[in-house]
Amino acid sequence: MIELREALTLLDGEIRRLPKETVELSFAHQRYLADDATSDVDVPPHRKSLVDGYAVCSADFDGKDISLEVIDEVVAGGWPRTGIGRGQAIRIMTGAAVPTGADAVVMVEQTVTTDDGRVILRGDEVKPMQNLMEKATIMHQGQVVVPSGQWLDAATIGLLAEIGHGQVAVSKRPTVSLVTTGNELVAPSEKPGPGQIRNSNAPMLATSVHEAGARLIGQRHAVDEPDSLREAIADGLSGDVLVLSGGVSAGVLDLVPGELKQQGVQKIFHRVSLKPGKPIWFGVLDTGSHRCLVFGLPGNPVSSLVCFHLFVRRAIHGLMGGSSEFPACESYPLATAFHHRGNRPTWWPARVIRTEGGLSQVEPLEWRGSGDLRALAFAEGWIGFSPGTKSHEAGTQVDFIRR
Ligand code: AMP
Ligand code: MG
């Protein structure tokens, strides 16, 4: 059994970043940008109005109300046909280019129009540069705006669109196959018979694959028999990552490590000092032309999810070119006194609560171990407890890992 840090280092050593590809911007979501993205425009592209109102010359104002001649109108998407001189104004809409000669915009709400095509403005409200933004204030043409390695979400995708990247280079999405194992498992829509339970890992891990930004290419269930396992594993090894659940512990039907070995998957580690998740198995198939990272997650649902979170997600992000500083801990005071006993570092389901004083604290949830998915489903993360027997008083600072 090895320590978590060592396991993560071994895992990192096996990750080879996937090649990049160019995709339509709308397919770049949840991937890392592979090249620096430069803007091909100034933003804003011209000196623009920030409000609907009148473009004016601030020098016309001396503190008294003033009547100006309205000589034109400019809307967003249009372009001023003329500039203004002293005593003149142009009606302007938000985003439109400010005409030459104007150095301020007065909001329409603060003006009164008259029948003779003039507008009356209050003198005390106009300062130079009021309600306008200079060209290229936000970014300028040629500037690197989104750096290579940036994780792309809705906001960064919007930004890439703004600066002219209808297509972007991103690392390929890893392809992932899932194989759940176990004679006792039935589909979620079936009623379990004697000795049976439902296969909760299959949809849970499939969801985890999507959440991590990878592409699920196959999903199978195998019973604990060599033929069934062999077939499912052979099929699953065609992707970049194969995730198995169950069959890696010490039971008589735990056949997964043996089958993986038979199919040429080289073991990197088996068993990590971690609770839940100790039986985790990790290995690599490398045929020279194809490489597949293989994870045998323990079958208990909470163990499976913790191990996915720690190892598989890290691998998926690494394959896509992301950095892997995880697990990042936050520190919070314990909301309640807690007695913890365990021989391995333990991840205990917990949630963050706010006290009346506005302070955030973490509360360990009632949890019955690795088979208790219910507690985890309503947890926001885990408290990391060190091995040993210890009573922690309320208020003690503890590590919290968000899920
Ligand atoms: P195993 O790792 O195969 O020894 O399984 C450990 C425990 O997790 C057993 O109680 C299994 O019934 C349960 N288990 C295994 N696979 C799943 C699954 N896909 N969904 C729900 N429970 C599972
Ligand atoms: Mg099993």
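Structure's up top.
The notes below deal with the structure included here. All values derive from a computational prediction rather than experimental measurement.

The next subject is the overall build of the chain. The secondary structure content of the chain amounts to seven helices and 27 strands. The C-alpha radius of gyration of the chain comes to 31 Å, more than 25% above the 22 Å expected for a compact globule of 403 residues. Here the C-alpha coordinates of the chain stretch approximately 95 × 55 × 40 Å along the principal axes. Scored against the burial criterion, the 403 residues of the chain give a buried share of 47%. Long-range contacts, defined as pairs at least 24 residues apart, comprise 70% of the intrachain contacts of the chain with a sequence gap of at least 6. Of the roughly 19400 Å² of accessible surface on the chain, a fraction of 50% belongs to carbon and sulfur atoms. Taken as two groups, the 39 positive and 47 negative side-chain charges of the chain have centres that lie 7 Å from each other.

A separate point is the site of ligand 1. Taken together, 17 residues lie near ligand 1, and Glu 184, Asn 199, Gly 247, Gly 299 and Asn 300 sit nearest. Measuring from an oxygen atom of ligand 1, one finds a side-chain N or O atom of Glu 184 at 2.5 Å. At a separation of 3.2 Å, a nitrogen atom of ligand 1 approaches a polar backbone atom of Ser 200. Protein contacts shield 78% of the accessible area of ligand 1, which totals 480 Å² for the unbound molecule.

What follows covers the environment of Ala 379. Locating Ala 379 in the fold gives a position in the loop between helix H7 (373-377) and strand E25 (381-385). Judged by relative accessible area, which is 6%, Ala 379 ranks as buried. Each C-alpha atom, one on Ala 379 and one on Trp 348, is 9.4 Å from the other, the two residues being 31 residues apart in sequence. Ignoring anything within four residues of it in the chain, the contact list for Ala 379 reads Pro 349, Ala 350, Leu 365 and Arg 403.

Here the focus is the nonpolar core. Counting residues in hydrophobic clusters, the biggest one holds 59 residues, and the most contacted among them are Phe 269, Val 272, Phe 295, Leu 297 and Phe 311. It is helix H6 (residues 301-319) that provides the largest number of residues to this core, a total of eleven residues. Two domains each provide a minimum of three residues to this core, namely domain 1 (2-19 + 173-319) and domain 4 (330-402). Apart from residues no more than four positions distant in its own chain, Phe 269 is found in contact with Ile 2, Ala 7, Leu 10, Leu 11, Ile 280, Trp 281, Phe 282 and Phe 311.

Taken N-terminus to C-terminus, the directions of helix H1 (residues 4-13) and H6 make an angle of 25°; their axes are 11 Å apart at the nearest point. As judged from the angle between their axes, H1 and H6 are roughly parallel. The crossing of H1 and H6 is right-handed. Facing H1, whose interface residues are Leu 4, Ala 7, Leu 8, Leu 11 and Asp 12, H6 presents Leu 310, Phe 311, Arg 314 and Ala 315. Looking at the contact of H1 with H6, its residues break down into seven nonpolar, no polar and two charged.

A few words now on the state of the cysteines. Considering all chains together, one arrives at zero disulfides under this definition. Left without a disulfide partner, Cys 292 is nearest to the cysteine sulfur of Cys 307, which lies 17 Å away.

Below, the discussion takes up unusual backbone geometry. Along the chain, Val 43 connects to Pro 44 via a cis peptide bond; the corresponding omega equals -5°. Checked against the element boundaries, Pro 44 lands in the loop between strand E2 (37-38) and strand E3 (48-49). In this structure, Pro 276 follows Lys 275 across a cis peptide bond, with omega equal to 0°. At Asn 131, a position not held by glycine, the phi torsion is positive, near 60°. Of note, Asn 131 is situated in the loop between strand E9 (118-121) and strand E10 (132-133). Of note in this structure, Ala 136 is not a glycine but carries a positive phi near 65°. Topologically, Ala 136 is positioned in the loop between E10 and strand E11 (144-146). Look at Ala 136 and you get partly exposed, because its relative accessible area is 23%.

Enumeration over the complete set of coordinates arrives at one cavity of 30 Å³ or more. Lining the largest cavity we find Ser 177, Leu 178, Val 179, Gly 218, Gln 219, Arg 220, Ala 232, Asp 235 and Gly 236. Counting only elements with at least two residues in the lining of the largest cavity, the list comes to strand E13 (175-181), strand E16 (215-222) and helix H4 (226-236). Of the residues contributing to the lining of the largest cavity, the split by class is three nonpolar, four polar and two charged.

Summed over all chains, the structure comprises nine aromatic pairs. Consider the rings of Tyr 32 and Trp 151, whose centres lie 4.8 Å apart with planes at 55°: the pair is tilted. Taken together, the positions of Tyr 32 in the loop between strand E1 (20-24) and E2 and Trp 151 in the loop between E11 and helix H2 (154-162) put the pair 119 residues apart, joining distant regions of the chain. For Trp 151, a relative accessible area of 26% puts it in the partly exposed group. The cationic tip of Arg 91 hangs over the ring face of Tyr 54; the distance from NZ or CZ to the ring centre is 5.6 Å.

Reading guide: rules and limits
Residues numbered from 1 in each chain as written. Chains lettered and ligands numbered in written order. Predicted model: local features only at pLDDT ≥ 70, side-chain atom pairs only at ≥ 80, totals over all residues. Heavy atoms only, no water. Helix = DSSP H or I, 4+ residues; strand = E, 2+ residues; numbered from the N terminus. Rg over C-alpha atoms; globule rule 2.2 N^0.38 Å. Buried < 20%, exposed > 50% of the residue type's maximum accessible area, 1.4 Å probe, protein only. Contact = heavy atoms within 4.5 Å. Areas by Shrake-Rupley, 256 points an atom, 1.4 Å probe, with all protein chains shown as cover. Lys, Arg positive; Asp, Glu negative; His and termini not counted. Charge placed at Lys NZ, Arg CZ, Asp CG, Glu CD. Near = heavy atom within 4 Å. Polar contact = N/O pair within 3.5 Å; in protein donor to acceptor, adjacent residues only side chain to side chain. Core = buried A, V, L, I, M, F, W, Y, C linked by side-chain atoms within 4.5 Å. Domains from an automatic or database assignment. Axes fitted to C-alpha atoms, helices over the stretch in contact; angles between N-to-C directions. Parallel < 35°, antiparallel > 145°, perpendicular 65-115°, else oblique. Left-handed = near helix turned anticlockwise from the far one by under 90°. Nonpolar A, V, L, I, M, F, W, Y, C, P; charged D, E, K, R; others polar. Disulfide = S-S within 2.5 Å. 1 Å grid on protein atoms, 1.4 Å probe; cavity = no way out; pocket = protein on both sides within 12 Å on 5 of 7 lines; lining within 4 Å. Points joined across faces, edges and corners; volume = space filled by probe spheres on them. Phe/Tyr/Trp six-rings, centres within 6.5 Å; stacked < 30°, edge-to-face > 60°. Lys NZ or Arg CZ within 6 Å of the ring centre and 35° of its normal.

In short, geometric facts, not functional conclusions.
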